[in-house]
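If you want the building blocks of each chain, they are given just below.
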Amino acid sequence: MTKERGTVSKVASVLSMEDPPWPPSVDEFFPPGLFGIPWLTKFALMTWLAVAVLIVFFLAAYRNPKIVPTRVQWLAEAIYSFNRDGVAREVIGHEGVRFGPYLATLFSFIALTNLFSILPGLQVSPNAHIAYPIVLALITYVLYFYWGIKRHGLGKYLKMNLFPANVPWPMYAILTPMEFATLFVLRPFTLALRLFANMFAGHMMLLVFTLGGFVLLNADALFLKPVSLASWAMAIALTIFETLIALLQAYVFVMLTSSYLQSSLSEEH
Amino acid sequence: MYGSLAAIGYGLAAIGPGIGVGLVFASYIQSTARQPETAGLNRPNLFLGFAVIEVLALLAIAFGFIWQGTNPAQ
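What follows is about the overall build of chain B. A count of helical and extended segments in chain B gives three helices and zero strands. When the helices and strands of chain B are read in sequence order from the N terminus, they spell out α-α-α. In chain B, which comprises 74 residues, the proportion classed as buried is 9%. Once local pairs closer than 6 in sequence are excluded, the contacts in chain B between residues at least 24 apart make up 79%.

Listed below in structure tokens is the structure:
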């Protein structure tokens with residue numbers, strides 16, 4: 001890709017101001033620190049915004065609860081009961097009710113930060129930066145170990161997971177390393193990576209089709225210019241798809257968290 | 001011509017999860033068509049299966065960016 005531009009159309013030069021950064025690279029996900037503070041990035045501000053919005057939303061929804069709920073109260077109750085009954089009770093069982101508040105918080109935080117990826121002005125999700133999913137996955141990691149050890153004791157918990165019952169003993173040569181990797185490495189690793197990669201790839205796709213439209217519009221070949229419209233139509237379609245993925249990944253995250261908790265709490269693996 | 005083999009690698013890596021996710025959803029649709037009342041019962045399993053398979057394709061995305069290699073011409 002050469003840096004020379006062909007005939008620059010007026011719209012493109014107004015909208016893009018300069019050469020679009022093409023192709024989009026990983027640098028998009030490492031924004032500079034604001035006000036000269038290296039850690040105060042766009043992502044940090046968005047996380048604070050998400051926390052503030054959630055606190056205000058749930059406080060406002062429950063400040064004056066009514067028997068016939070208002071619209072805001074209905075939304076808050078729907079989110080909470082979806083997580084408590086639809087996820088926790090469904091996957092963990094009757095014991096899962098106590099995880100309802102944590103799962104509802106986790107779900108709303110991830111859903112909101114994921115939806116930032118399509119909000120104009122914010123345009124990128126903090127979860128597209130690997131640090132945020134890692135922290136969320138670490139909380140789950142600590143949580144299921146804590147409950148497993150609390151319920152069964154360290155020795156029994158490890159024995160239960162690493163040496164599953166009712167297996168012919170030579171199988172342990174294969175099974176134990178696999179279970180060990182699953183328990184200690186794969187679960188938190190895939191949990192963090194799933195959320196990260198979905199948001200990362202989603203943002204990358206939107207960048208490719210939006211910026212790609214400008215690149216096509218600025219192309220030397222005349223017949224390539226109209227193709228930019230197809231590229232932008234694709235960007236709009238992918239934005240809708242991205243909304244679906246944002247909510248789905250929040251659901252999958254709490255679902256897997258409660259599934260791991262269930263395997264820690266259950267009697268036999 | 002200069003490009004990244006990671007793109008081809010990702011295409012190859014997406015075949016397996018693509019088939020897998022297709023099978024998961026096909027089975028779910030089939031089971032709910034036969035017994036509509038099991039739709040809610042099976043939905044957690046649907047998304048658990050989907051999430052576990054989907055991560056294979058996502059690993060490929062991440063690793064493609066991690067091991068990008070360098071352009072020998074530069």
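So that's the structure; there's more coming.
Across the boundary between the two partners, chain B contributes 10 residues, which contact 14 residues of chain A. Among the residues forming the side of chain B that touches chain A, the class breakdown is 10 nonpolar, no polar and no charged.

What follows concerns the packing of helix α7 (residues 172-217) of chain A against helix α3 (residues 39-66) of chain B. Contact pair α7 of chain A / α3 of chain B: the axes reach a minimum separation of 9 Å and the direction vectors enclose 65°. Between α7 of chain A and α3 of chain B lies a crossing of left-handed hand. Residues Thr190, Leu193, Arg194, Ala197, Asn198 and Ala201 of chain A of α7 of chain A pack against Ala51, Val55, Leu58, Leu59, Ile61 and Ala62 of chain B of α3 of chain B. Residues that form the contact of α7 of chain A with α3 of chain B fall into these classes: nine nonpolar, two polar and one charged.

On to the environment of Thr176 of chain A, then. Residue and element names in this part refer to chain A. Note on placement: Thr176 falls in helix α7. Assessed through the 15 C-beta atoms surrounding it within 10 Å, Thr176 is described here as partly exposed. Along the backbone, Thr176 and Lys159 are 17 residues apart, and their C-alpha atoms lie at a distance of 9.7 Å. Discounting chain neighbours no more than four positions away, the residues touching Thr176 are Leu162 and Phe163.

This part is about the nonpolar core. Formed by 55 residues in total, the largest nonpolar core has its most connected members in Ile110, Phe253 and Val254 of chain A. Elements represented by at least two residues in this core include exactly α2 (42-62), α3 (71-92), α4 (100-115), α5 (131-152), α7 and α8 (227-265) of chain A together with α3 of chain B. When residues of this core are assigned to their parent elements, the largest contribution, 12 residues, is made by α7 of chain A. Those residues in contact with Val254 of chain A that lie beyond four places of it in its chain are Asn83, Val87, Leu103, Leu106 and Phe107 of chain A.

Below, the discussion takes up the environment of Tyr260 of chain A. Residue and element names in this part refer to chain A. With respect to the helices, strands and loops of the structure, Tyr260 is situated in helix α8. Judged by local crowding, Tyr260 falls into the buried class, with 23 C-beta atoms found within 10 Å. Each C-alpha atom of the pair Tyr260 and Val142 lies 11 Å from the other, and the pair is 118 residues apart in sequence. Those residues in contact with Tyr260, other than ones at most four positions away along the chain, are Thr140, Tyr144 and Arg187.

Most peptide bonds take the trans form, and the phi angle of most residues other than glycine is negative. All names here are of chain A. The phi dihedral of Gln123 is positive, around 65°, even though this residue is not glycine. Relative to the assigned elements, Gln123 resides in the loop between α4 and α5. Judged by the 14 C-beta atoms lying within 10 Å of it, Gln123 falls in the partly exposed class.

Our next topic: the confidence of the model for chain A. Residue and element names in this part refer to chain A. Across chain A, pLDDT averages 85, with 91% of residues at or above 70. Mean pLDDT values over the elements of chain A span from 46, in helix α1 (residues 10-16), up to 94, in α4. Every residue in residues 1-14 scores below 50 in pLDDT, and together they form 13 contacts with partners more than four places removed in sequence or on other chains.

Analysis parameters
Residues numbered from 1 in each chain as written. Chains lettered and ligands numbered in written order. Predicted model: local features only at pLDDT ≥ 70, side-chain atom pairs only at ≥ 80, totals over all residues. Helix = DSSP H or I, 4+ residues; strand = E, 2+ residues; numbered from the N terminus. Buried ≥ 20, exposed ≤ 12 C-beta atoms within 10 Å, placed from the backbone. Contact = placed C-beta atoms within 7 Å. Nonpolar A, V, L, I, M, F, W, Y, C, P; charged D, E, K, R; others polar. Axes fitted to C-alpha atoms, helices over the stretch in contact; angles between N-to-C directions. Left-handed = near helix turned anticlockwise from the far one by under 90°. Core = buried A, V, L, I, M, F, W, Y, C linked by C-beta atoms within 7 Å. pLDDT = per-residue confidence, 0-100.

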